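These are the residues of each chain, in order.
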Amino acid sequence: MTISKIKEMKKAGKKIAMLTAYDYETAKTLNEAGIDIILIGDSLGMVKLGQENTLDVTVHDIIYHCKAVKRGNSGALLVADMPFIPQHKKNIEVLKDAKCMIEHGGADAVKIEVGITSQCCYGKDTKAVTSMAPKTTDSVLKIIELLLKNNIPVMGHIGLTPQYLEQLGGYKVQGRDDKTASELLATARLLEATGVFSLVIECIPPSLAKQITGSLSIPTIGIGAGVECDGQVLVIDDILGLCSRIKPKFVKQYINLKPQILDAVKQYVKEVKERKFPGEENTYN
Ligand code: KIV
């Protein structure tokens, strides 16, 4: 899969299937199933590293997992998530990080979250402003321009952007009122004009997602944004039933693996305790 093929899929009316992966075996399985794009998402922090949110995920974490995914990947486009960019971070450092994710991690592109400045309550929480304040929309657009100038393909991400959770006031559907809806539409157009090759739109009303999708020539990938987007993305652990976090409405759990894993492990523990494992068949004579 290539970026131009992803763009062509929109023109041909073919839907794009994207999922996250963080390791080798999962990447292999996703390829066998015909996935178009694999995202090494910063959801990694919450689903694999036991962190409270996505803010503590580092570039090193993403590269480490991206390398593993790359080893298992045969045909999907690999997109690596750019971890949270604090306000004080220099653009040149972000460029260096993005280059590392491509050159060392093996990603084909990076994804960057863009918070909508006026949606965010900057300044409401002083702690957030001094230590964990994110970049404003304009600053992120400048970073994207810099990355593109350096031949690093970028996927945008708007709507409920988890890196801006505190500024957005928590997990809430975005763009419900006219003002924020038109701001999201304007930002989507701005991102297309800047040169992103596709756009993740998270947790917005389906009518707005349809409007954004219809007004862009680049593909939109929805998550909690209805069926009219050009593609869909979900977190792999959510669709497999491996997550103990709260399940948002937009998640479809295709299988519930956790109880099956629990049963298997319980059985193993029991057999070890009862000296039933290893049996003859697992022993070298
Ligand atoms: O980090 C992630 O997994 C994501 C997707 C859910 C879009 O950003």
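Everything in this summary refers to the structure shown in the same document. (Residues numbered from 1 in each chain as written. Predicted model: local features only at pLDDT ≥ 70, side-chain atom pairs only at ≥ 80, totals over all residues. Heavy atoms only, no water.)

Some details on the overall build of the chain
How we decide: Secondary structure counts use DSSP, requiring at least four H or I residues in a row for a helix and at least two E residues in a row for a strand, with both numbered from the N terminus. Throughout, radius of gyration means the C-alpha value; the globule benchmark is 2.2 Å times the number of residues raised to the power 0.38. Using a 1.4 Å probe on the protein chains alone, a residue whose accessible area is under 20% of its type maximum counts as buried, one over 50% counts as exposed, and one in between counts as partly exposed. Two residues qualify as a contact provided that any one of their heavy atoms is within 4.5 Å of a heavy atom in the partner residue. The method behind every accessible area is Shrake-Rupley, applied with a 1.4 Å probe, and residues are considered shielded solely by the protein chains displayed.
Counting its regular elements, the chain contains 12 helices and eight strands. Here the chain has a C-alpha radius of gyration of 20 Å; the compact-globule value for 285 residues is 19 Å, and the two agree. Referenced to the eigenvectors of the C-alpha coordinate spread, the extents of the chain come out at roughly 70 × 45 × 35 Å. The buried share among the 285 residues of the chain stands at 49%. When contacts within the chain are restricted to residue pairs at least 6 apart in sequence, those whose partners lie at least 24 apart make up 63%. In the form shown here, the chain has an accessible surface area of approximately 14600 Å², with 54% of it arising from carbon and sulfur atoms.

Here's the deal with the site of the ligand
For the record, the criterion: Being near a molecule or strand, for a residue, comes down to having at least one heavy atom within 4 Å of it. Polar contact is the term for a pair of N or O atoms within 3.5 Å; when the atoms are in protein, one must be able to donate a hydrogen and the other to accept it, and sequence-neighboring residues count only if both atoms are side-chain atoms. Points on a 1 Å grid over protein atoms alone make up a cavity when a 1.4 Å probe fits among them but cannot get out, and a pocket when they form an open set with protein on both sides within 12 Å along at least five of seven lines; lining residues each have an atom within 4 Å of a point. Cavity and pocket membership follows a simple rule, namely that a molecule belongs there if more than half of its atoms are within 2 Å of the grid points. For this scheme, ten residues count as nonpolar: Ala, Val, Leu, Ile, Met, Phe, Trp, Tyr, Cys and Pro. Four count as charged, namely Asp, Glu, Lys and Arg, and the remainder, Gly too, count as polar.
Every residue close to the ligand is listed here: Thr20, Leu39, Gly41, Asp42, Ser43, Asp81, Lys111, His157, Ile223, Val233 and Val235. One of the side-chain N or O atoms of serine 43 is found 2.5 Å from an oxygen atom in the ligand. One nitrogen or oxygen atom from the side chain of aspartate 81 is found 3.1 Å from an oxygen atom belonging to the ligand. Under a 2 Å grid-point criterion requiring more than half of the atoms, the pocket assigned to the ligand is the largest pocket. Among the residues forming the shell around the ligand, the class breakdown is four nonpolar, four polar and three charged.

Regarding the packing of helix H7 (residues 137-149) against helix H9 (residues 178-194)
The description of two helices packed together rests on the angle between their axes and the distance between the axes. Quick reminder of the rule: The angle between two axes is taken between their N-to-C directions and runs from 0 to 180 degrees, where each axis is a line fitted to C-alpha atoms and a helix contributes only its stretch in contact. What sets the label is the angle itself: under 35 degrees gives roughly parallel, over 145 gives roughly antiparallel, 65 to 115 gives roughly perpendicular, and the rest give oblique. Note on convention: the crossing is left-handed when the near helix lies turned anticlockwise from the far helix by less than a right angle, right-handed when the turn is clockwise.
Contact pair H7 / H9: the axes reach a minimum separation of 10 Å and the direction vectors enclose 20 degrees. One finds that H7 runs roughly parallel with respect to H9. The way H7 lies across H9 gives a crossing that is right-handed. Each of Thr137, Leu141, Ile144, Glu145 and Leu148 in H7 lies in contact with H9, whose residues at this interface are Thr187, Leu190, Leu191 and Thr194. Considered class by class, the residues forming the contact of H7 with H9 number five nonpolar, three polar and one charged.

Observations concerning the sheet that holds strand E8 (residues 231-234)
Our working definition: A strand pair is defined by DSSP finding two or more bridges across the two strands.
The sheet built from eight strands closes into a barrel, its strands ordered E1-E2-E3-E4-E5-E6-E7-E8 with parallel pairing. Across this sheet, the average inter-strand angle for adjacent strands is 25 degrees, counted without regard to direction. Across four bridges, strand E1 (residues 16-20) lies against E8 in parallel orientation. Bridge pairing in E8 places alanine 17 opposite glutamine 232.

Section: the pattern of salt bridges
Rules: The rule for a salt bridge is simple: a side-chain nitrogen of Lys or Arg has to be within 4 Å of a carboxyl oxygen of Asp or Glu.
One pass over the structure, following the stated rule, counts eight salt bridges. Note that glutamate 274 and lysine 276 form a salt bridge whose closest N and O atoms lie 3.0 Å from each other. The network of salt bridges with common partners includes Lys270, Glu274 and Lys276.

What about the state of the cysteines?
Among covalent bonds in proteins, the disulfide is the one between the sulfur atoms of two cysteines. Spelled out, the test is: Cysteine sulfur atoms are paired as a disulfide whenever they come within 2.5 Å of each other.
Under the criterion given, the structure shown has zero disulfides. No disulfide involves cysteine 203; its sulfur sits 11 Å from the nearest other cysteine sulfur, which is in cysteine 229. Under the relative-accessibility criterion, cysteine 229 is labelled buried at 0%.

Structural notes on H9
Count 3.6 residues to each turn of an α-helix, and residues three or four apart come out pointing the same way. Counted only if it meets this: Expected helix span is taken as 1.5 Å per residue step, with the number of steps being one fewer than the number of residues.
Its 17 residues give H9 an end-to-end C-alpha distance of 24 Å, which sits within 8% of 24 Å, the value for a rise of 1.5 Å per residue. Taken residue by residue, H9 has Thr180, Ala181, Glu183, Leu184, Leu185, Thr187, Ala188, Leu191 and Glu192 as its buried positions. The elements touched by buried residues of H9 are H7, strand E5 (154-159), strand E6 (198-202) and helix H10 (206-215). Sitting at the amino-terminal end of H9 is aspartate 177, which places a side-chain oxygen 3.2 Å from the backbone nitrogen of lysine 179.

Remarks on the layout of surface pockets
Just so we agree on the cut-off: Grid points are joined across faces, edges and corners, and a volume is the space filled by probe spheres set on the points.
The space that makes up the largest pocket amounts to roughly 580 Å³. Lining the largest pocket are 29 residues, with Pro162, Tyr171, Glu202, Arg245 and Phe250 positioned closest to its centre. Looking at the lining of the largest pocket, the elements that each hand over two or more residues are strand E4 (109-113), E6 and E8. The class makeup of the residues in the lining of the largest pocket is 15 nonpolar, five polar and nine charged. Roughly 460 Å³ of volume is contained in the second largest pocket. At the level of elements, E1, strand E7 (220-223) and E8 are the ones that each hand at least two residues to the lining of the second largest pocket. Tallied by class, residues from the lining of the second largest pocket come to 17 nonpolar, four polar and three charged.

As far as function goes, none of this settles anything; it's purely spatial.
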